[in-house]
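One letter stands for each residue in the lines below.
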Amino acid sequence: ATCAADGFLRLTDVELHSTPSSPLVNRARANSTTSASSNSGGDSSAVIISPEYSSDDGVSQIGFLSSDKMCFSHTFLNANEGLVCSERGLLHFDLRLPARSQKRGSLIEELKKTCKACAPWRLGEDSGDYQLQSAYVFAGGTGVDVALYDLRMTGGTSGNQAVQRYRPRALQNKSSVAVSGIDLSRNKRELLISYESDQIYTFPIFPDASAAGPTLMDIESNGTADKKSDKPIPELCSYGGHLNRMTFLKQAKYAGLNDEYICTGSDSGHAWIYEKDSGAVVSFLKADNHTCNGIAPHPSLPYFITYGIDSTAKLWRATVPVDNEVDDSDLGRFKYSREAEYEKSIVLSKWRDARRGRPIDLEDEDVSFLPDEITDDDDDLDDEIGMMGIFLRQRYMNALPYIGNNLMNLNCRLKKNYFTCCRSVGMSEVEPVKSGIASLRRRVALMKSRYQADRLGLEWNSRTPWLMKPRDRIQEQLQNERKGSTDMISYGAEVDLIPDDPSCWIPFERLMTNPPETGGSPFNVKRYERFFLESSTDDSFTPVARANQMNAFEGSSEPSLEVTVDSLDAKCASQKHSIQSNEILAESSEGQSYNHMQAWDILYQTVSLLKEAGNEALKSSQPSLAAQRYDKAVNYCSIAY
């Protein structure tokens with residue numbers, strides 16, 4: 001079945017497109033009463049829903065009286081029935097009925113003008129034959145809220161239909177945000193929502209439900225007299241460094257056998273695949289010449305399809321490097337980084353623009369703007385050229401568009417997206433990300449730090465991503481191979497643990513900024529402590545600490561999760577191979593407050609270390625590595641100006 005902007009829902013047998021029609025299509029075609037001109041697919045498709053029969057009185061509307069309002073998406077409830085999200089609301093269809101006999105009007109009163117996305121609720125495991133009818137559906141429209149609705153309450157008010165509502169905290173007072181996609185996790189515990197002009201959020205469907213998943217009792221008890229459904233549930237975590245403005249139906253989906261990943265499209269034509277437990281980007285694919293609207297992952301195999309504005313859909317396979325000569329191990333990536341060609345940073349290439357911050361004015365925001373956050377792509381800013389400009393640029397470009405793995409350019413895209421949002425705020429334009437600059441910067445810094453750790457084969461912590469360390473097993477492996485190199489050149493060198501961009505460390509470090517911004521993984525631990533312990537697979541939170549904290553819910557005197565996390569961060573800050581391994585910072589990790597003289601001293605030590613490391617690289621006949629380190633030192637020096 002397919003639906004489109006003309007308001008039709010059509011049924012097509014793709015396997016028998018050019019052969020005699022299947023019984024299912026024949027049955028629908030026999031029941032269809034629309035004209036041949038309405039059936040754009042000729043003999044290969046049949047009309048299920050037609051805008052001719054959109055009025056509630058059942059009268060056919062022809063010509064300029066017809067209401068050709070768009071249909072956005074559809075989903076099946078069982079083998080014959082399903083739902084359509086449209087500008088006429090949430091519609092019901094039945095393949096056994098002709099178009100004139102389909103139900104009129106929206107099933108949900110408050111979404112009667114527009115329903116953008118929906119996801120049926122089914123208890124237990126999904127069955128491929130859709131034999132289990134669903135009485136509940138998650139749905140959202142042109143507002144912030146997504147709700148779980150009881151479809152059996154079609155005769156009552158909208159409030160009676162809503163069992164529970166979901167709303168991100170950062171979007172409480174935002175009116176110009178619309179839902180663009182909804183998905184459910186396999187275990188029925190989490191809800192995934194993508195927003196137009198914002199990012200992606202996950203929600204616990206029922207936070208107090210058992211680890212086995214919500215039951216029918218959990219659902220029905222939520223709509224009792226105390227009106228729990230009137231108070232929206234806040235998000236579990238937020239994801240995103242992408243922009244979702246140019247098209248209004250970018251889907252977001254769970255992927256992986258255990259929903260380990262979250263994938264979506266973006267305005268830049270890239271497909272973004274996020275790691276659910278950390279929020280970092282693990283795959284970054286140039287998937288469309290214009291705009292990528294989404295990804296459709298296979299439920300069990302490592303395949304997925306991307307689709308967008310151009311005329312092709314792409315089939316991808318998640319696999320190891322196809323070149324047998326490529327060493328994709330931690331040590332292999334580190335060795336490759338040592339041979340990478342040096343490229344000037346924006347601070348060196350355009351110091352005047354970087355120093356001035358160009359048209360960026362964030363005085364109304366509680367966020368600083370550092371020189372390294374300026375982008376160097378002046379002529380390629382999507383917010384300037386708009387949707388029509390994107391089409392024209394792609395149409396008249398001389399080079400063939402690149403389609404493939406684009407992870408090497410992830411940092412450039414993150415920096416460009418963040419700069420676009422900051423400039424929009426500074427110039428009082430429409431905000432590309434409504435949840436704010438601070439939360440976007442937090443996610444961007446986390447993703448850039450993860451990229452650096454992966455590129456250098458380092459160990460990484462999602463709670464304090466700017467604190468990296470070498471992997472013990474690699475250091476043990478290389479103990480006998482350090483004969484001809486120095487600590488400044490070999491794997492695990494302290495200088496490699498310094499974040500590449502000051503903006504990934506300085507704003508979040510309490511010893512460097514007063515007050516520091518909130519950094520690390522944007523997981524709502526304060527609200528969902530038990531849910532985090534039951535569902536997260538973050539290996540940096542040890543099983544012993546996890547078990548001890550679960551016991552705390554039974555009345556033991558174990559410290560809270562926040563205290564446990566803080567103690568882990570303190571240990572990480574004082575470990576041997578860390579940017580904070582000097583005595584001043586190690587002692588300060590015990591709780592000392594900000595001191596501006598101490599902050600200047602830390603910055604001076606950082607620049608001195610980078611300069612010394614650059615000198616060592618020159619002595620080792622590695623000029624490109626030396627240039628990278630000198631450039632990095634200049635980036636940190638630029639903070640003083």
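No experiment lies behind these values; they were computed from the predicted model shown.

Caption draft 1: Structural detail: helix H9 (residues 437–456). Here H9 contains 20 residues, and its C-alpha end-to-end distance of 28 Å stays within 8% of the 28 Å for a straight helix at 1.5 Å per residue. Burial analysis of H9 places 16 of its 20 residues in the buried class, which makes it a mostly covered element. Once H9 ends, the next one or two residues include Gly457, with phi positive near 70°.

Caption draft 2: Quick peek at the pattern of salt bridges. For the structure on display, the rule yields 27 salt bridges. Three or more residues are tied together by salt bridges with common partners; here these are Asp328, Asp330, Arg333, Arg471 and Arg473.

Caption draft 3: Focus on the side chain of Lys448. With respect to the helices and strands, the residue Lys448 is situated in helix H9. Its relative accessible area of 5% is what places Lys448 among the buried residues. When residues no more than four places from it in sequence are discounted, the contact partners of Lys448 are Asn411, Leu414, Lys415, Asp501, Ser503 and Cys504.

Caption draft 4: Focus on the confidence of the model for the chain. In the predicted model, the chain carries a mean pLDDT of 78, and the fraction of residues at 70 or more is 71%. The least confident element of the chain is helix H14 (residues 583–588), whose mean pLDDT is 44; the most confident is strand S16 (residues 261–264), at 96. For residues 553–559, every residue scores under 50 in pLDDT, and the model assigns this stretch nine contacts once sequence neighbours within four places are set aside.

Caption draft 5: Representation of the sheet that holds strand S6 (residues 89–94) in the model. Here we have three strands laid out as an open sheet, ordered S4-S5-S6, and antiparallel in their pairing. Strands with a single pairing partner mark the edges of an open sheet, and in this sheet they are strand S4 (71–76) and S6. Ignoring strand direction, the axes of neighbouring strands in this sheet form an average angle of 25°. With six bridges connecting them, strand S5 (residues 81–86) and S6 associate as antiparallel partners. By the bridge assignment, Val84 is partnered in S6 with Leu91.

What counts and how
- Residues numbered from 1 in each chain as written.
- Predicted model: local features only at pLDDT ≥ 70, side-chain atom pairs only at ≥ 80, totals over all residues.
- Heavy atoms only, no water.
- Helix = DSSP H or I, 4+ residues; strand = E, 2+ residues; numbered from the N terminus.
- Expected span 1.5 Å × (residues − 1).
- Buried < 20%, exposed > 50% of the residue type's maximum accessible area, 1.4 Å probe, protein only.
- Salt bridge = Lys/Arg side-chain N within 4 Å of Asp/Glu carboxyl O.
- Contact = heavy atoms within 4.5 Å.
- pLDDT = per-residue confidence, 0-100.
- Pairing = 2+ DSSP bridges.
- Axes fitted to C-alpha atoms, helices over the stretch in contact; angles between N-to-C directions.

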